Structure formats: C-alpha cells, structure tokens
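A structural walkthrough
Residues per chain, in single letters:
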Amino acid sequence: MSTILDVLGVLLMVSLGVVALSLLLRSTEVTRRLQHAKSELDASEHRAAMLQQETAVLQQDTATLRQEVELLRAEKIVSAQQDEQQKIWLDNQHADIICLRSELEKRPRITRKIYKILTLGVSSTGKTSLTLKWANPLVDLGMIQGTKVERYERTVSQVVQKEGTTEHVFEIGDWGGERIVDAQQALIVDEIHGMLIVVDLGGKDAKVVDPARIQDQLLEFQPQALQYFFGPAASCKSVVLFINKSDLLSGTPLEVEAQAKSLYGKLISDLGKYASQVHVQVFVGSATSGHSTHHLFSHFVEKILPKSAYDNQLLQRMKVEATPPRAPPPLPMASQTVPLQQPPPPPLHRGPPPLPQHTLAPGKARTS
Ligand SMILES: Nc1nc2c(ncn2[C@@H]2O[C@H](COP(=O)(O)OP(=O)(O)OP(=O)(O)O)[C@@H](O)[C@H]2O)c(=O)[nH]1
Ligand SMILES: [Mg+2]
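The model shown is predicted, which means the values in this text are computed figures rather than measured ones.

1. Observations concerning empty space enclosed by the protein
This model, assessed by the stated rule, comprises two cavities of 30 Å³ or more. If you add up the space inside the largest cavity, you get close to 60 Å³. In terms of lining residues, the largest cavity is bounded by 11 residues, among which L118, R151, G173, W175 and I192 are the most central. Within the residue set of the lining of the largest cavity, elements represented by two or more residues are β1 (110-120) and β3 (164-175). When residues of the lining of the largest cavity are assigned to their parent elements, the largest contribution, four residues, is made by β3.

2. Observations concerning helix α2 (residues 127-135)
Structural remark: α-helix, 3.6 residues per turn; residues separated by three or four positions point the same way. Most of α2 is tucked away: nine of the nine residues are buried. For α2, the set of buried residues is K127, T128, S129, L130, T131, L132, K133, W134 and A135.

3. Digging into the nonpolar core
Counting residues in hydrophobic clusters, the biggest one holds 29 residues, and the most contacted among them are M195, I197, F230, I243 and L267. Dropping the residues within four chain positions of it, F230 is found in contact with M195, V239, L271, Y274, Q277 and V278. Grouped together as the second largest cluster of nonpolar side chains are 26 residues, V156, V198, F300 and V301 included.

4. Observations concerning the packing of helix α8 (residues 294-304) against helix α9 (residues 312-322)
Running from amino to carboxyl end, α8 crosses α9 at an angle of 125°, the nearest separation of the two axes being 11 Å. Judged by the angle between their axes, α8 and α9 are oblique. In this structure, the crossing between α8 and α9 has a hand that is left-handed. When α8 is examined against α9, the residues H294, F297, S298, V301 and E302 are found in contact with a partner set consisting of L314, R317, M318 and E321. Each residue belonging to the contact of α8 with α9 can be placed in one class, and the counts come to four nonpolar, two polar and three charged.

5. Quick look at the packing of aromatic side chains
What the rule picks out here adds up to four aromatic pairs. The interplanar angle of 70° and the centroid separation of 6.3 Å between the aromatic rings of W134 and F170 together place this pair among those described as edge-to-face. Note that W134 is positioned in helix α2 and F170 in strand β3, a separation of 36 residues in sequence. Here the aromatic rings of W134 and F300 are separated by 5.6 Å at their centres, their planes lie at 35°, and the arrangement is tilted.

6. A look at the pattern of salt bridges
Scanning the model with the defined rule gives 13 salt bridges in all. For the salt bridge of R33 with E29, the shortest nitrogen-to-oxygen distance reads 3.1 Å. Residue R33 and its partner E29 are both found in helix α1 (residues 2-106); the two are separated by four residues, about one turn of the helix. With a closest N to O distance of 2.7 Å, R112 and E153 form a salt bridge.

7. Some details on the pairing of strand β4 (residues 194-200)
Taken across its seven residues, β4 has seven buried, putting it largely inside the fold. Neither face of β4 is left uncovered, since the one carrying G194, L196, V198 and D200 and the one carrying M195, I197 and V199 both have all their residues buried. Summarising the sheet, β1 and β4 pair through four bridges and their orientation is parallel. By the bridge assignment, I117 is partnered in β4 with G194. Relative to strand β5 (residues 238-244), β4 is paired through seven bridges, and the arrangement is parallel. Directly across from G194, in β5, lies its bridge partner S238.

8. A closer look at a nonpolar patch on the surface
A cluster of nonpolar side chains, namely M1, I4, L5, V7, L8 and L11, defines an oily patch on the protein surface of about 650 Å² accessible area. Tracing the backbone through its elements, the reader meets I4 in helix α1. Residue I4 is classed as exposed on the basis of its relative accessible area, which comes to 52%.

9. So, helix α4 (residues 211-220)
Among all positions in α4, only R213, I214, Q217 and L218 are buried. Projected down its long axis, α4 shows its buried positions confined to an angular sector of 145°, all on one face. Exposed residues pointing more than 90 degrees away from the buried face of α4 are listed as D216 and L219. On the buried face of α4, the contacting elements are β4, α6 (253-263) and α7 (265-272). The backbone nitrogen of A212 has a side-chain oxygen 3.2 Å away, supplied by the residue at the start of α4, namely D210.

10. Here we look at the side chain of K127
On the secondary structure map, K127 appears in helix α2. Comment: no salt bridge for buried K127; closest opposite-charge side chain is D174, at 5.7 Å. Within the local environment of K127, its side chain forms a polar contact with the backbone oxygen of V122, the two atoms lying 2.7 Å apart.

11. Focus: the side chain of T125
Within the secondary structure, T125 is located in the loop between β1 and α2. Reaching out from T125, the side chain makes a polar contact with the backbone oxygen of V122 at a distance of 3.1 Å. Among all residues touching T125, those that are not within four sequence positions of it are V198, V199, D200, R213, Q217, N244 and K245.

12. Describing the confidence of the model for the protein chain
Detailed reading of the predicted coordinates is not advisable wherever pLDDT is low. Overall, the prediction assigns the protein chain a mean pLDDT of 82, with 80% of residues at 70 or greater. Averaged over each element, pLDDT in the protein chain is lowest for helix α3 (residues 180-189) (69) and highest for α6 (97). Low confidence marks residues 331-368, where pLDDT is under 50. Its contacts with residues over four positions away, or in another chain, come to 78 contacts.

Thresholds, definitions, all that
- Residues numbered from 1 in each chain as written.
- Chains lettered and ligands numbered in written order.
- Predicted model: local features only at pLDDT ≥ 70, side-chain atom pairs only at ≥ 80, totals over all residues.
- Heavy atoms only, no water.
- 1 Å grid on protein atoms, 1.4 Å probe; cavity = no way out; pocket = protein on both sides within 12 Å on 5 of 7 lines; lining within 4 Å.
- Points joined across faces, edges and corners; volume = space filled by probe spheres on them.
- Helix = DSSP H or I, 4+ residues; strand = E, 2+ residues; numbered from the N terminus.
- Buried < 20%, exposed > 50% of the residue type's maximum accessible area, 1.4 Å probe, protein only.
- Core = buried A, V, L, I, M, F, W, Y, C linked by side-chain atoms within 4.5 Å.
- Contact = heavy atoms within 4.5 Å.
- Axes fitted to C-alpha atoms, helices over the stretch in contact; angles between N-to-C directions.
- Parallel < 35°, antiparallel > 145°, perpendicular 65-115°, else oblique.
- Left-handed = near helix turned anticlockwise from the far one by under 90°.
- Nonpolar A, V, L, I, M, F, W, Y, C, P; charged D, E, K, R; others polar.
- Phe/Tyr/Trp six-rings, centres within 6.5 Å; stacked < 30°, edge-to-face > 60°.
- Salt bridge = Lys/Arg side-chain N within 4 Å of Asp/Glu carboxyl O.
- Pairing = 2+ DSSP bridges.
- Patch = residues over 30% accessible without salt bridge, like charges linked within 9 Å, V, L, I, M, F, W, Y side chains within 5 Å.
- Areas by Shrake-Rupley, 256 points an atom, 1.4 Å probe, with all protein chains shown as cover.
- Arc of directions from axis to C-beta.
- Polar contact = N/O pair within 3.5 Å; in protein donor to acceptor, adjacent residues only side chain to side chain.
- Lys, Arg positive; Asp, Glu negative; His and termini not counted.
- pLDDT = per-residue confidence, 0-100.

Here it is as structure tokens:
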C-alpha cells in the first residue's frame, strides 16, 4: 500500500513537475512575444513620427508652390498689360510716322547746293577766329583752341522755284596750321569754290609786328608751294589773301593797309601771276577787332554764288554792303593793344540797318 502511495506520490510529483515546466515554457514564450510586440510598437511609433515630419515638409512645399503659382499668375497679368501698352505705343508711333510722312510729302522739296571755301595758313594766324567772325559773329573767341579740320556751314540763300526750294550753302573748311599739305590735297581732290589764305603780322600773343614770322610765312607760300594750290588740277576760282592782326600796326587805315601789303608784297605779286585763272583779292584786317572781316561774306557771295542763287534777303544785304562807308575812325596805336573780346566797331554802312546775321555753329546746317 505504501508502495502504491509512493508511486502515486512520485507520479504526482512528476506530473506537477511537467505542469510546472510547461507553465515555465509558456511564460517564457509569452514574455518573448510581449517583447517582440513592444519593439514592433516602438518601430511603428518611430515610423509615425517620420511620417508626420514628412507630411509637414510636404505641406510647406505645397504652400511654397502655391505662392509661386500666384506670383507667376501676377507676372503674367503684368506682362500682358505691358504688351498691351507697347502695342498701343507702337500703334501711336505708326500713326505719327504716317502723319509726318504725309506732311513731308506736302512740303516743297529742298535741295542743297554746297559751295566749299577752304581756309588755310600756318599755325595761329587767326584762321579759326576769322572764320567764326564772318560765319558766326556770336561766337566766344576766347574758347578757340588749335584746329585740325573744322567745318562750318552757313546758309546763304534759299531760292524757291516750281520744282522745289534750293538752299545755297557755304561750307567753310578751317584747316589747322599743321595741315597745310592735306589742304593742298583737298584742293585737288574736292571741288573747292573759294580759298581764304590767312597770314598774320605777329605770333599768338604778339604785341608788335614780327618780321621773322612774316618771312616764315612768305617761305611757306613761296612760288613752288603756290603752284600746288593753283595748278591745272585745282578747281578754285576765287582766292582771298587776308593779312590778319592789322591791330599790330599803327596809323590810319590806309597807312596800315599799305604797310601790311608792302610786308607781304612778295606773296601778293606771286599770287598775281595766277590772276588769269583765279580771282585774287587782298584784305588787311583783324579778326579780333573786326577790321575788314565783314568784307569776306559779300566778297565770297559775289565771286562764288551765281546770280540765280540770290534771294531777296541776300540781294538787300549785298546792296547795303555795296553802299560806300563813312570814313572809319583811326585804328589804335600799336602800343595800345586791343582787348581780345572787344566787340567789332559799329557797322560803317549808310542807309538801312544791316540785316540780322545768319547764325551757325560747327558742323550744322543753318537757315537764314
Ligand atoms: N592781335 C591779334 N591776335 C589775333 C587776331 N586774330 C587772332 N588772334 C590771336 O591769334 C591766336 C590764334 O588764333 P586762332 O584763330 O586759333 O588761329 P588759327 O590760325 O586757327 O590756329 P591753328 O588752328 O592752330 O592753326 C589767338 O590767340 C588769337 O587770339 C588779330 O586780329 N589780332
Ligand atoms: Mg584754328
């Protein structure tokens, strides 16, 4: 009996051991599963946080894109408005062009006839001062500097005919003293209607006559040089020799003229040798005081412009110029220097007052 009990006891103990073991195994399995589930939960929480972040970034991107779309839409509207404005502006321009073209067609045709006058001489003889004096009396001579080549235009007359208007224009080429050789070339290549040779009685700031300078200029225009100016190829038909800076001489105008002409007697006689092919005129004067400068315009008109080119204004002006002058006041003595900016003496005309001067500036066409 006790053996049976012992066996039963052992069996019970074994069964209890088996149950305990199976419970232990089961609990280990549950613990493992719990751990696995926890780590999965952590992983999903992490993924959820990541997704949240990504959603925020995407939302920001969407907002930015939306803004950009708005901006583009606004720009498109502005550019469409600008296109419209530009179109209106172009249409207006086109209308203006049509209007101006039709006005132009209604206007009489203007053709220009150019008469070229070439001014030359050695440096600082007063070519520019002189050119501007008879071409533009309003110029400030204090501004003048050494010249290379400067061109001035002066409208002399406008002749209206059935077929249109012809504007007669003097084009004055002022060649700097260093460019005499080029000027000689121009005489041959171009058609030159008149020539103004400027010599002087003294240098840039001279207060008295400078015989050495006069000799230099006589050499510059010695017969060998003159033949280039008046050779068979040259077209010029009217030459003026202007002896400038007469204010450096003293005496009555007649005495001054005689002295200056005698100092340049050799050149005057050499030029005289071409008298059969070219008209030669000698003036003694001063660009700064205005003595004799007013003769230049009427002289060139008379010698260069055909009579058919005179208009009424020019005819009247020439009539006034032809009126004999009153005796002019004596020139200042050589020791009394004439101020540079002193205005020219009052006109010596009798009869009606002179017509207003034609205005002009370098390189621009003028109307009278
Ligand atoms: N005393 C005096 N000086 C004059 C007269 N005319 C011009 N001058 C002076 O001479 C200098 C030269 O004058 P410009 O007119 O520049 O001479 P230019 O011949 O054109 O000189 P370049 O262009 O260098 O060849 C200036 O200082 C003038 O003030 C004049 O009638 N009398
Ligand atoms: Mg000059």
